[in-house]
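# What the coordinates show
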Amino acid sequence: MSRAKKVVLAYSGGVDTSVCIPYLKQEWGVEEVITLAADLGQGDELEPIRKKALASGASVSLVVDGRKEFVRDYAFPALMANALYENRYPLSTSLARPLIAKMLVEAAAEYGADAVAHGCTGKGNDQVRFDVSIAALNPQLKVLAPAREWGMSREETIAYGEKVGIPSPVKKSSPYSVDLNLLGRSVEAGNLEDPWHEPLEEVYALTAAIENTPDTPEYIEIEFAKGIPVAINNVQLSPVDLIVQLNQTVGRHGIGRIDMVENRLVGIKSREIYEVPALSVLIQAHRDLESLTLTGDVSQYKRNIEETYSKIVYNGLWYSPLKAALDAFVLQTQERVSGTVRIKLFKGNAIMVGRKSPYSLYSMDLATYGAEDQFDHRAAEGFIYVWGLPTRVWSSSVRG
Ligand code: ARG
């Protein structure tokens, strides 16, 4: 009853994915398990994770550095789309899944595997993102999800691991379920399952409590080129360095905490805490620069695109034709989104206080209320006559 011969398993070093290794072999008759740990800037020590996979029964243990690709090809396109799921969550976890799926598919081709596997349960969004992304990239490849079927509680999973000799956890166990990468942290479970319960300070790791933030504001300037952030305070930075540095700078001011109840694709509401310092400030700044450089109609039309974009990325459709079409639209709009935004960081707030661009559409001559005013005020009268005509006709016809 072997479900597959050779499997590439997405591996984190945690209990669940570690137990997947012996489980796939002993319960599902898989002959060989190759693990793949993706480095997306979660800051884990990767060598112990690599060794743990081998100690748990993997034949090959891969560690792949995906940081650059993650920021350049996943985070920045989402930033250009100002992607916020349900108007709040900048998709820090969601964006990682299609990249990990791509790594799995590539490793499967390289090692001649007939299946890939992940440790997601049947209740979350991540299983959808993995399964759909893998199917999009290689429809022939089987996807195994042991944790969706094994029906073990957390305690039973740990006990199973102990029985088959899985070494004790690399990370110390916590009541929370945490997902971490360069873009941020997602935290759920434990006492957060009660939406009325205020998160304890121990939940946070990337952002300071307001009580502990500096008492004087800090100003920073972020420069964008065609919608992509390229420099902070006039220092050009690589995509990864820019995110790392910005996380630290704004995290110190307690910026980027989100506490929300969100709607999962599978219909469950879940309470999640996010820490997304860099990404949340970048989206605000990018939006601000767009307000200066996009025409009103493009800007307003783009808001609808952004909402659809966020929803389909959240719902696992990164590699879908609709997403590709929306990307093309968004990219086209970014042609002149170049310039600098000045931001004041203070007590949990990132306040946009200035913006400039060589492509600015803002005209002082038109906007000013001073003597330099170039706007033809008399032209407004005729414009309003035509603009209001249908309304006037409609109102007159009721009376007449
Ligand atoms: N709710 C978020 C999403 O679907 C994060 C999921 C992972 N969260 C976690 N705490 N492990 O993208």
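Scope of this entry: the structure provided in the associated data block. Quick caveat, the model's predicted, so the values are computed rather than measured.

The next point concerns the pairing of strand β8 (residues 218-225). The pairing of β8 with strand β13 (residues 339-346) spans seven bridges and is antiparallel. By the bridge assignment for β13, I220 is matched with I343. Sheet topology note: the β8/strand β9 (residues 228-232) ladder contains four bridges and is antiparallel. The residue of β9 that forms the bridge with A225 is I228.

Interhelical geometry of helix α4 (residues 96-111) versus helix α5 (residues 126-137) gives an angle of 45 degrees and a closest axis separation of 9 Å. When the axis of α4 is compared with that of α5, the two are oblique. Considering how the two elements wind past one another, α4 and α5 form a crossing that is right-handed. In this structure, α4 uses R97, P98, I100, A101, K102, L104 and V105 to contact α5, whose residues at the interface are D126, R129, F130, S133, I134 and L137.

This paragraph deals with the site of the ligand. In the vicinity of the ligand there are 14 residues, among which Y89, N125, S177, E262 and E272 approach most closely. Here S94 contributes a side-chain N or O atom positioned 3.1 Å from an oxygen atom of the ligand. Protein chains bury 91% of the 340 Å² of accessible surface belonging to the ligand in isolation. Sorting the residues of the shell around the ligand by element identifies β6 (177-181), β7 (184-188) and β12 (269-275) as the ones contributing at least two each. Tallying contributions element by element places β7 first for the shell around the ligand, with three residues. When the residues that make up the shell around the ligand are grouped by side-chain class, the tally is four nonpolar, five polar and five charged.

What follows concerns the packing of helix α3 (residues 67-80) against α4. It is at 10 Å that the axes of α3 and α4 come closest, and there the two elements cross at 120 degrees. The orientation of α3 relative to α4 falls into the category oblique. Here α3 runs over α4; the crossing is right-handed. Contacts between α3 and α4 pair E69, F70 and Y74 from the former with A96, P98, L99 and K102 from the latter. Residues belonging to the contact of α3 with α4 are distributed by class as follows: five nonpolar, no polar and two charged.

With that settled, the discussion passes to the nonpolar core. Residues V8, F70 and I343 are the most contacted members of the largest nonpolar core, which totals 75 residues. Top element by residues in this core is α4. It accounts for nine residues. Excluding residues within four positions of it along the chain, I343 makes contact with E218, Y219, I220, I222, V281, A285, A350, I351, M352 and V353.

Counted by the stated rule, this structure contains 27 salt bridges. Notably, a salt bridge pairs E47 with R50, separated by 3.0 Å at the nearest N-O pair. Here E47 and its partner R50 are both found in helix α2 (residues 46-55), three residues apart, which amounts to about one turn of the helix. Accessibility expressed as a relative area gives 27% for R50, which makes it partly exposed.

The geometry of two aromatic rings is summed up by the distance between their centres and the angle between their planes. Under the criterion given, the structure shown has nine aromatic pairs. Centroid distance Y74 to W318: 5.1 Å. Interplanar angle 25 degrees. Geometry classified as stacked. With Y74 in helix α3 and W318 in the loop between α10 (296-314) and α11 (321-333), the pair connects residues that are 244 residues apart, well separated along the chain. Each member of the pair, Y74 together with W318, is buried. Both rings, one in Y89 and one in Y274, keep their centres 3.9 Å apart while their planes meet at 10 degrees; by these two values the pair is stacked. With Y89 in the loop between α3 and α4 and Y274 in strand β12, this pair connects stretches of sequence that are 185 residues apart. Cluster of aromatic residues (ring-pair linked, three or more members): Y23, W28, W150 and Y160.

Here we take up the state of the cysteines. If you walk through the whole model with that rule in mind, you get zero disulfides. Considering cysteine sulfurs only, C120 is the nearest to C20, which forms no disulfide, with 9.2 Å between them.

Looking at where Q334 falls in the secondary structure, it is placed in the loop between α11 and β13. Given the relative accessible area of 1%, Q334 is considered buried. Reaching out from Q334, the side chain makes a polar contact with the side chain of H286 at a distance of 2.7 Å. Ignoring anything within four residues of it in the chain, the contact list for Q334 reads M80, K226, G227, H286, E290 and K302.

So, how was this worked out
Residues numbered from 1 in each chain as written. Predicted model: local features only at pLDDT ≥ 70, side-chain atom pairs only at ≥ 80, totals over all residues. Heavy atoms only, no water. Pairing = 2+ DSSP bridges. Helix = DSSP H or I, 4+ residues; strand = E, 2+ residues; numbered from the N terminus. Axes fitted to C-alpha atoms, helices over the stretch in contact; angles between N-to-C directions. Parallel < 35°, antiparallel > 145°, perpendicular 65-115°, else oblique. Left-handed = near helix turned anticlockwise from the far one by under 90°. Contact = heavy atoms within 4.5 Å. Near = heavy atom within 4 Å. Polar contact = N/O pair within 3.5 Å; in protein donor to acceptor, adjacent residues only side chain to side chain. Areas by Shrake-Rupley, 256 points an atom, 1.4 Å probe, with all protein chains shown as cover. Nonpolar A, V, L, I, M, F, W, Y, C, P; charged D, E, K, R; others polar. Core = buried A, V, L, I, M, F, W, Y, C linked by side-chain atoms within 4.5 Å. Buried < 20%, exposed > 50% of the residue type's maximum accessible area, 1.4 Å probe, protein only. Salt bridge = Lys/Arg side-chain N within 4 Å of Asp/Glu carboxyl O. Phe/Tyr/Trp six-rings, centres within 6.5 Å; stacked < 30°, edge-to-face > 60°. Disulfide = S-S within 2.5 Å.

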